[in-house]
Structures are given as C-alpha cells and as structure tokens.
Amino acid sequence: MTAREDWWYDEAAGPLVRPYAMVRGRTRPNAPDLHLVTQVRVSAFASDQTSLTVEHREIMALCTRPLSVAEVAAYLDVPLIVVKILLSDLIERGDVIVQNSSPQIPDRDLLQAVLDGVRGI
C-alpha cells in the first residue's frame, strides 16, 4: 500500500472503516436468497460504476468470473452480512447476476448410501 492508500488501515486495529459504515447502517440485505454457496458474477449489462462505493467496485472487480458469496467475503476480508448487503445493492442495480441461488439438498437415500459406503471402508 502507498502512503495515500494506507491512512484507513491500522496494523493493530485493522480497517478503520467499520462494517456498519460500509453499508450505511443497514443490517439486512434486500436479496434474502443469498446463501454462502450462491454464485455471483458481473452482468454483461453492468451500469455506470461512478456512483458506487469503493467496496461495491471491489466486488465488481472480483466477480468477473463466478464466485460464491463466501469467497467474495473472504477476498474482501469483511463480515458475510456486509457482503450480502453490498451484493444485494448490486443485484438491484442489475450489475451482478445470481446463479444457483438456492443450495440443493441431496436426497436422503443418497446420503444414506454414502454413509453406508463410508462405514464399509
């Protein structure tokens, strides 16, 4: 980091911008179906990014290829709920596309077969 870019970061304290400030005090995402494994990527029809916050632009830069919500949170090093709120903003604008928004729960019979197979080893 250059001297201009590191003013907001303290080695002992971490980022000086608190998560509630990044999302303007909001605590719930507008897109309720964002799970840890939900894949997100930038839309081909993304709008002008000049009105976006730095965090929104970082997400846009990361999501040029599909990433899970958990991966985005890990890359940005911010709490999961913050990423969900920021992503929901981008989804509302049409800048980000959600893929496979609901995790698939495997069939109970399949899980039992796997468990029986593991026990047989």
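For the structure itself, look to the data block above.
Residues numbered from 1 in each chain as written. Predicted model: local features only at pLDDT ≥ 70, side-chain atom pairs only at ≥ 80, totals over all residues. Heavy atoms only, no water.

1. Some points on the sheet that holds strand β3 (residues 39-42)
Thinking step 1. Pairing is antiparallel across the open sheet formed by three strands, whose spatial order is β4-β3-β5. Each edge of the sheet is formed by a strand with only one pairing partner; in this case those strands are β4 (67-68) and β5 (96-99).
Thinking step 2. Examined bridge by bridge, β3 and β5 share four bridges and lie antiparallel to one another. Pairing of Q39 across the sheet is with Q99, part of β5. (Pairing = 2+ DSSP bridges. Helix = DSSP H or I, 4+ residues; strand = E, 2+ residues; numbered from the N terminus.)

2. Quick look at the side chain of S88
Thinking step 1. By secondary structure assignment, the location of S88 is in helix α4 (residues 80-93).
Thinking step 2. At 2.7 Å, the side chain of S88 and the backbone oxygen of I85 are in polar contact. (Polar contact = N/O pair within 3.5 Å; in protein donor to acceptor, adjacent residues only side chain to side chain.)

3. A few points about the nonpolar core
Side chains of nonpolar character tend, in soluble globular proteins, to be buried together.
Thinking step 1. If you look at the biggest cluster of nonpolar residues, it comprises 20 residues, and the most contacted ones within it are V40, I59, V72, V83 and L87.
Thinking step 2. For this core, the secondary structure elements donating two or more residues are β3, α2 (54-62), α3 (69-76) and α4.
Thinking step 3. The dominant element in this core, judged by the number of residues it contributes, is α4, at five residues.
Thinking step 4. Dropping the residues within four chain positions of it, V83 is found in contact with V69, V72, A73, L76 and V78. (Core = buried A, V, L, I, M, F, W, Y, C linked by side-chain atoms within 4.5 Å. Buried < 20%, exposed > 50% of the residue type's maximum accessible area, 1.4 Å probe, protein only. Contact = heavy atoms within 4.5 Å.)

Fair warning: the whole summary comes from geometry, so function is off the table for now.
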